[in-house]
Amino acid sequence: MSHKSPSSNADLARLITEGIQERKGRNITLIDLSDIESAAASNFIICEGSSTMQVAAIADSIREYLLENAGIKPYNYDGYQNSQWIVIDYGDTLVHVFVPAERMHYNLEELWSDAKITQVPDLD
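Every value quoted in this text rests on a predicted model; they were computed, and no experiment measured them. Per chain, the residues get numbers from 1 upward, laid out in the order the sequence is written. The predicted nature of this model means local features are confined to residues of pLDDT at least 70 and side-chain atom pairs, given and counted, to a pLDDT of 80 or more, with totals for whole chains, interfaces and linings taken over all residues. As a rule here, side-chain values come from all non-hydrogen atoms in the structure, and water together with hydrogens is ignored.

Just checking my understanding: could you explain the environment of Asp11 for this structure?
For helices the rule is a DSSP run of H or I covering at least 4 residues; for strands it is a run of E covering at least 2, with both sets numbered from the N terminus onward. Its location among the elements puts Asp11 in helix 1 (residues 9–22). For the pair Asp11 and Ala70, spaced 59 residues apart in sequence, the C-alpha to C-alpha distance is 9.8 Å.

Spelled out as structure tokens, the structure:
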């Protein structure tokens, strides 16, 4: 069975979003940083889970979903030790899965407020 790799950042974002939604991740935000030279990546995808257990489950779901549907493995990931904030590195796209308090504390949306920010409506 062959997997077609995502042809664009939009495809990758869609797959990541679906992986998040598989585990009921909420408050999904897409941040397009492609016009900001100092940014570590072209895209941030930020979401949250209600507990550390859900944050880990969402991160697992994203990794499994991209592997199954597109044959893509992350370059790296970190944060499972306490699962308050897990980062998954897909090269030009970094996925941040937070518990709400950590997300508010780090406030990445505010940090990159000059970027193009898109909210994805929750499924329920």
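Hey, could you run me through the sheet that holds strand 6 (residues 116–120) in this one?
Spatially, 6 strands are ordered 3-4-5-2-1-6 in an open sheet, and the strand pairing comes out mixed. What marks the edges here is a single partner per strand, and that holds for strand 3 (76–78) and strand 6. Each adjacent strand pair in this sheet contributes to an overall mean axis angle of 15°, direction not counted. A pair of strands counts as paired when DSSP detects no fewer than two bridges linking them. With 6 bridges connecting them, strand 4 (residues 85–90) and strand 5 (residues 93–98) associate as antiparallel partners. Counted as the bridge partner of Tyr90 is Thr93 from strand 5. Relative to strand 2 (residues 43–48), helix 1 is tilted by about 10°, and along the sheet it contacts strand 1 (26–32), strand 2, strand 4, strand 5 and strand 6. The contact criterion used throughout is that any non-hydrogen atoms of two residues lie within 4.5 Å. Helix axes use the C-alpha atoms of the stretch in contact, all axes being lines fitted to C-alpha atoms, and the angles between their N-to-C directions lie in the range 0 to 180 degrees. Packing against the sheet, helix 2 (residues 52–70) makes contact with strand 2, strand 3, strand 4 and strand 5, and its axis sits at approximately 15° to strand 4.

How should I be thinking about the nonpolar core in this particular structure?
Within soluble globular proteins, side chains that are nonpolar generally end up buried alongside one another. Buried Ala, Val, Leu, Ile, Met, Phe, Trp, Tyr and Cys residues form a nonpolar core when they are joined through side-chain atoms within 4.5 Å. Burial classes follow relative accessibility: with a 1.4 Å probe on protein chains only, a residue under 20% of its type's maximum area counts as buried, one over 50% as exposed, and anything between as partly exposed. Counting 24 residues, the largest nonpolar core has Ile16, Ile20, Ile62, Leu66 and Tyr90 as the members making the most contacts within it. Broken down by secondary-structure element, the contributors of at least two residues to this core are helix 1, strand 2, helix 2, strand 4 and strand 5. With 8 residues, the top contributor of residues to this core is helix 2. Residues within four places of Ile20 in sequence aside, it is in contact with Gly25, Ile28, Ile45, Cys47, Ile58 and Ile62. The next biggest cluster of nonpolar side chains, apart from the first, holds 12 residues, and it includes Ile46, Leu94, Leu108 and Ala115.

What am I meant to see in the pairing of strand 1 here?
Along a regular strand, successive side chains alternate from one face of the sheet to the other. In this structure, strand 1 lies alongside strand 2, joined through 5 bridges in antiparallel fashion. Looking across to strand 2, one finds that Arg26 is bridged to Glu48. Bridging between strand 1 and strand 6 involves 5 bridges; their strand directions are antiparallel. Residue pairing across strands places Thr29 opposite Gln119, the latter belonging to strand 6.

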